[in-house]
Protein chains: 2
Amino acid sequence: MSALPTPLAHLIQELVKLPGIGEKTATRLAFHLLRTERRDVELLANALLEMRDGTRLCRVCFGLSVDETCALCEDPQRDATVICVVERPPDLIALERSRQFRGRYHVLHGCLAPLDGVGPEELRITELLRRLEDGTVREVLLATNPTVEGEATALYLSKLLTPLGLRVTRIARGVPMGSDLEYSDQVTLARALEGRREVE
Amino acid sequence: MSALPTPLAHLIQELVKLPGIGEKTATRLAFHLLRTERRDVELLANALLEMRDGTRLCRVCFGLSVDETCALCEDPQRDATVICVVERPPDLIALERSRQFRGRYHVLHGCLAPLDGVGPEELRITELLRRLEDGTVREVLLATNPTVEGEATALYLSKLLTPLGLRVTRIARGVPMGSDLEYSDQVTLARALEGRREVE
């Protein structure tokens, strides 16, 4: 017989399912929530359900959206001639946080991973090609992750898109800001050297 | 305008309120939950509310309980002559996990902290004294934390309880199992030396 009341044990069991939450953290969170005002626990429970029910994929870019078309695709201020292609919605949000890109996005929802059975037809590539049909888009910026799979996906897309007469670009890969060359891995350093540019 | 849909931003805002959860972790959790089956998110939301509504304090020991009196206090197998006094419900659960103690518990719900305005009347001390009245209890084991406040609380209780003719004991303080003397702090080492016992 455990000294943990069933509802508390049950909550811990649910929290442990979350990524990066072990039993100790789950127990700590559960005890914290036990001391929290009922109203605040309710807010959290509602936020969970509302997030699940109130979020869907934009029918244009497949990013996250509240409405059928997302705010970014609806925004007339955004440059419709450039599409930035990312793997997943968090990537889009991270790029937006940089405030550097003012074009549109396209979310593939994955990257090519033949070993896991993910081929081009599993990604939103057909939908990307359809967006390019009317000739508005002049540049596709490939912002898949700098991983083996992300690079392969970028290569695949560049081969597919270049014949269409578009400018196909890839985000720069190099040493991250604030990092230390001493501790940078050799592949990153190789890329940083390869991608060197004139000092302006 | 953030690229984050409102319901997602709202969930992140609620998750950040939890201890040890920063914005990055909250965002990661939110994205994980977004990819989770709706049924599983519902399970978590319900577990939250049920924990809050289905857990109360035992009217005898003030530990956590589903019923008016907790399972530990109701268990006739537990030794009613020893009461182990702890600061908070998580302490009780941690001690139970050791499977070493077979008596009853009493949860103070805090420790003496004059600077924070917590005096003896804020703790469940009157209730503890009432439990000692009928003479069943012969030992009170003080298991408050080995912190300045916990030690002060133990000292306060021992002065209060010893005149009642009870055996008043304190959990051993010393080097934790699996630790390294080299990295143990001096107060712990001093306690470990002070509390040394004959090798049996």
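**Q** Got a minute to help me understand the side chain of Glu14 of chain B in this structure?
**A** For Glu14 of chain B, the location among the structural elements is in helix 1 (residues 6-15). With sequence-adjacent residues up to four places away left out, Glu14 of chain B is seen in contact with Asp40, Leu43, Leu44 and Ala47 of chain A.

**Q** I keep staring at the interface of chain A and chain B and nothing clicks. Help me out?
**A** By convention, interface size is frequently given as the accessible area that disappears when the constituent parts associate. Listed as interface residues are 53 residues of chain A and, on the opposing side, 53 residues of chain B. Buried area between chain A and chain B, summed over both chains or domains, comes out near 4900 Å², and the portion from carbon and sulfur atoms is 76%. It is Leu48, Met51 and Arg52 of chain A in chain A that bury the most area against chain B; as a group they hold 13% of the surface buried on that side. Between Asp53 of chain A and Arg38 of chain B there is a salt bridge whose closest N-O contact spans 2.7 Å. Applying the counting criterion to the chain A and chain B interface returns eight residue pairs in polar contact (both at pLDDT 80 or more). Looking at the side of chain A that touches chain B, the elements with two or more residues in it are helix 1 (6-15), helix 2 (23-35), helix 3 (38-54), strand 2 (64-65), helix 4 (71-74) and helix 5 (89-97) of chain A. The dominant element in the side of chain A that touches chain B, judged by the number of residues it contributes, is helix 3 of chain A, at 15 residues. Classifying every residue of the side of chain A that touches chain B by side-chain character gives 32 nonpolar, eight polar and 13 charged.

**Q** Can you help me understand the sheet that holds strand 5 (residues 139-142) of chain B in this one?
**A** Across a sheet, paired strands are connected by hydrogen bonds in the backbone, their directions being either parallel or antiparallel. All names here are of chain B. With respect to topology, four strands assemble into an open sheet ordered 4-3-5-6, the strand pairing being parallel. The open sheet has two free edges, formed respectively by strand 4 (103-107) and strand 6 (167-170), since each of these has just one partner strand. Across the sheet, the mean angle from the axis of one strand to that of its neighbour is 25°, orientation sign disregarded. As paired elements, strand 3 (residues 79-86) and strand 5 share four bridges and run parallel to each other. The partner of Val85 across the bridge, within strand 5, is Leu142. Its contacts with the sheet place helix 5 (residues 89-97) against strand 3 and strand 4, and it is angled at close to 160° to strand 4.

**Q** Looking at this structure, how should I read the packing of helix 1 of chain A against helix 2 of chain A?
**A** For any two helices packed against each other, the geometry is given by the interaxial angle and the distance between the axes. All names here are of chain A. Direction vectors running N to C along helix 1 and helix 2 enclose 130°, while the axes themselves pass 9 Å from each other. Between helix 1 and helix 2, the crossing angle belongs to the class labelled oblique. Crossing geometry of helix 1 relative to helix 2 is assigned as right-handed. Residue-level inspection shows Leu8, Leu11, Ile12 and Leu15 of helix 1 in contact with helix 2, the latter providing Glu23, Ala26, Thr27, Leu29, Ala30, Phe31, Leu33 and Leu34.

**Q** Explain the sheet that holds strand 4 (residues 103-107) of chain A here, please?
**A** Residue and element names in this part refer to chain A. Taken together, four strands build an open sheet; the order of strands is 4-3-5-6 and the sheet is parallel. The sheet is open, and its two edges are formed by strand 4 and strand 6 (167-170), each paired on a single side. Taking each pair of neighbouring strands and ignoring which way they run, the sheet shows an average axis angle of 25°. Two elements, strand 3 (residues 79-86) and strand 4, share five bridges in a ladder whose sense is parallel. What sits directly across from Asp79, in strand 4, is Gly103. Packed onto the sheet, helix 6 (residues 125-132) meets strand 3, strand 4 and strand 5 (139-142) and runs at close to 150° relative to strand 4.

Conventions and cut-offs
Residues numbered from 1 in each chain as written. Chains lettered and ligands numbered in written order. Predicted model: local features only at pLDDT ≥ 70, side-chain atom pairs only at ≥ 80, totals over all residues. Heavy atoms only, no water. Helix = DSSP H or I, 4+ residues; strand = E, 2+ residues; numbered from the N terminus. Contact = heavy atoms within 4.5 Å. Buried area = accessible area lost by both parts, 1.4 Å probe. Salt bridge = Lys/Arg side-chain N within 4 Å of Asp/Glu carboxyl O. Polar contact = N/O pair within 3.5 Å; in protein donor to acceptor, adjacent residues only side chain to side chain. Nonpolar A, V, L, I, M, F, W, Y, C, P; charged D, E, K, R; others polar. Pairing = 2+ DSSP bridges. Axes fitted to C-alpha atoms, helices over the stretch in contact; angles between N-to-C directions. Parallel < 35°, antiparallel > 145°, perpendicular 65-115°, else oblique. Left-handed = near helix turned anticlockwise from the far one by under 90°.

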